[in-house]
Amino acid sequence: MNFKLKVWRQRSGTSPGSFKDYDAKDIPAEASFLEMLDIVNESLNENGEDPIAFDSDCREGICGMCSLVINGIPHGPGKGTTCQLYMRRFAEGETIWIEPFRAAALPPVKDLVVDRSAFDCIIEAGGYIVVRTGSAPEANSLPVPKHDADLSMEAAACIGCGACVAACPNSSAMLFVSAKVSHLGLLPQGQAERDSRVLHMVRKMDELGFGNCRNHYECEAVCPAEVSATFISRLNRDYAVAVIRQGVAV
């Protein structure tokens, strides 16, 4: 298959960028989107040109590194991450626009690479529990209702790719934060830090420049892990309760 690519090129985060035209020729239909970029980069290297910079790691839809906006959609058409997108989804000769995630809190690094360390800062602010170290406890010593366990697992499915931020008109990270708050807050082991967790993580999110949720639901529509926006409602309730408790304690 052959494609016309319009790729965002930017030498550094402080330099101006623009779209550049490239030809992707003789691409196998079964190739993934990242493998297609690998083939294009091999051609660029052979011609002595600077290859296109993009993030990738596991290429199995787990790590969340492969964050690209393809034809205006984070991760491209369909469900799943960019590395799970195959070129057979595109028409022969199609023009494909490729650009990085765009948000003030995710500054550009080079070409299609953005700095997503803001997510790490949010996790560091409260994404942990204090437990006794040592051997694993007996599985049945602390019963967890199945409904709560299932919800926690759904929230924990978030891979932190940032597609929710890229899709949101307000560049909100509420879906990401709500998933990280909920998957611990729903379990008995996460109750000790429940109030401090939601307060610290939401305040860190605001501090880093992410916008607030306005119920556009674009985040849910593009999430490769299909994390539900109902977790945002749970986050808002937990935050309100934590603020009240903090006020009473003071």
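Quick caveat, the model's predicted, so the values are computed rather than measured.

Peer 1: Looking at this structure, I do not really get the side chain of His75. What am I missing?
Peer 2: When you line up the elements, His75 lands in the loop between strand S4 (73-74) and strand S5 (95-100). Classification of His75 by relative accessible area gives buried; the value is 1%. For His75, the side chain forms a polar contact with the main-chain oxygen of Cys66, separated by 3.4 Å.

Peer 1: So what exactly am I meant to see when it comes to unusual backbone geometry here?
Peer 2: Most peptide bonds take the trans form, and the phi angle of most residues other than glycine is negative. A positive phi angle is found at Arg59, which is not glycine, with a value near 55 degrees. In this fold, Arg59 is placed in the loop between helix H1 (33-46) and strand S3 (68-70). Residue Arg59 is classed as partly exposed on the basis of its relative accessible area, which comes to 32%. The residue His75 is not glycine, and still its phi comes out positive at about 75 degrees.

Peer 1: Could you clarify how one ought to interpret the nonpolar core in this entry?
Peer 2: Soluble globular proteins tend to bury their nonpolar side chains together. Ranked by size, the top nonpolar core spans 40 residues in total, and within it Val165, Val177, Met205 and Phe210 carry the most contacts. Where this core is concerned, the elements lending two or more residues are helix H2 (117-126), helix H3 (146-156), helix H4 (163-167), helix H5 (174-185), helix H6 (194-207), helix H7 (218-222) and helix H8 (230-249). Ranked by residue count, the leading element in this core is H5, at 6 residues. One finds Phe3, Leu44, Cys66 and Phe90 within the second-largest nonpolar core, a separate group that totals 26 residues.

Peer 1: Before we go on, may I ask you to explain the packing of H3 against H5 in this structure?
Peer 2: Contact geometry of H3 with H5 gives a least axis separation of 8 Å together with a crossing angle of 145 degrees. Seen from above, H3 lies across H5 with left-handed handedness. Facing H3, whose interface residues are Ser152, Ala155 and Ala156, H5 presents Ala179, Ser182 and His183. Classifying every residue of the contact of H3 with H5 by side-chain character gives 3 nonpolar, 3 polar and no charged.

Peer 1: Just checking my understanding: could you explain the packing of H5 against H6 for this structure?
Peer 2: Describing two packed helices takes the angle between their axes plus the distance from one axis to the other. Between H5 and H6, the shortest axis-to-axis distance is 10 Å and the interhelical angle comes to 165 degrees. One finds that H5 runs roughly antiparallel with respect to H6. Read as a crossing pair, H5 and H6 show a hand that is right-handed. For the pair formed by H5 and H6, the contact residues are Met174, Val177, Lys180, Val181, Leu184 and Gly185 on the first element and Arg194, Arg197, Val198, Met201, Val202 and Met205 on the second. Per-class residue counts for the contact of H5 with H6 are 8 nonpolar, 1 polar and 3 charged.

Peer 1: How do you make sense of the sheet that holds strand S1 (residues 3-10) when you look at a structure like this?
Peer 2: Through backbone hydrogen bonds, the strands of a sheet pair up, either in parallel or in antiparallel fashion. As summarised here, the arrangement of the 5 strands in space is S2-S1-S5-S3-S4, forming an open sheet in which the pairing is mixed. In this open sheet, the two edge strands, each paired with only one partner strand, are strand S2 (17-24) and S4. Relative to S4, S3 is paired through 2 bridges, and the arrangement is antiparallel. If you follow Ile70 over to S4, its bridge partner there is Ile73.

Peer 1: Looking at this model, I keep getting lost on the side chain of Asn41. Mind explaining?
Peer 2: Mapped onto the fold, Asn41 is located in helix H1. With residues near it in sequence (within four places) discarded, Asn41 still touches Pro51, Ile52 and Phe54.

Peer 1: Would you mind showing me how to read H3 here?
Peer 2: For the α-helix, the turn length of 3.6 residues means that residues three or four positions removed from each other point alike. Within H3, burial applies to Leu151, Ser152 and Ala155. Along the axis of H3, the buried positions cluster into a sector of 100 degrees, meaning they face one direction only. In H3, those exposed residues whose orientation departs by more than 90 degrees from the buried face are Lys146 and Met153.

Peer 1: How do you make sense of the pairing of S2 when you look at a structure like this?
Peer 2: Looking down a regular strand, the side chains alternate between one sheet face and the other. Taken together, the 8 bridges between S1 and S2 define a ladder with antiparallel strand orientation. Within S2, the residue paired with Arg9 across the bridge is Ser18. The turn joining S1 and S2, which pair antiparallel and follow one another in sequence, is formed by 6 residues.

Peer 1: Explanation requested: the pattern of salt bridges in the structure shown.
Peer 2: Scanning the entire structure with this criterion turns up 12 salt bridges. Asp238 is paired through a salt bridge with Arg194; the nearest N and O atoms lie 3.1 Å apart. With Asp238 in helix H8 and Arg194 in helix H6, this pair connects stretches of sequence that are 44 residues apart. Exposure remark for Asp238: the relative accessible area of 13% places this residue in the buried category. With a relative accessible area of 27%, Arg194 lands in the partly exposed category.

Definitions and limits used
Residues numbered from 1 in each chain as written. Predicted model: local features only at pLDDT ≥ 70, side-chain atom pairs only at ≥ 80, totals over all residues. Heavy atoms only, no water. Helix = DSSP H or I, 4+ residues; strand = E, 2+ residues; numbered from the N terminus. Buried < 20%, exposed > 50% of the residue type's maximum accessible area, 1.4 Å probe, protein only. Polar contact = N/O pair within 3.5 Å; in protein donor to acceptor, adjacent residues only side chain to side chain. Core = buried A, V, L, I, M, F, W, Y, C linked by side-chain atoms within 4.5 Å. Axes fitted to C-alpha atoms, helices over the stretch in contact; angles between N-to-C directions. Left-handed = near helix turned anticlockwise from the far one by under 90°. Contact = heavy atoms within 4.5 Å. Nonpolar A, V, L, I, M, F, W, Y, C, P; charged D, E, K, R; others polar. Parallel < 35°, antiparallel > 145°, perpendicular 65-115°, else oblique. Pairing = 2+ DSSP bridges. Arc of directions from axis to C-beta. Salt bridge = Lys/Arg side-chain N within 4 Å of Asp/Glu carboxyl O.

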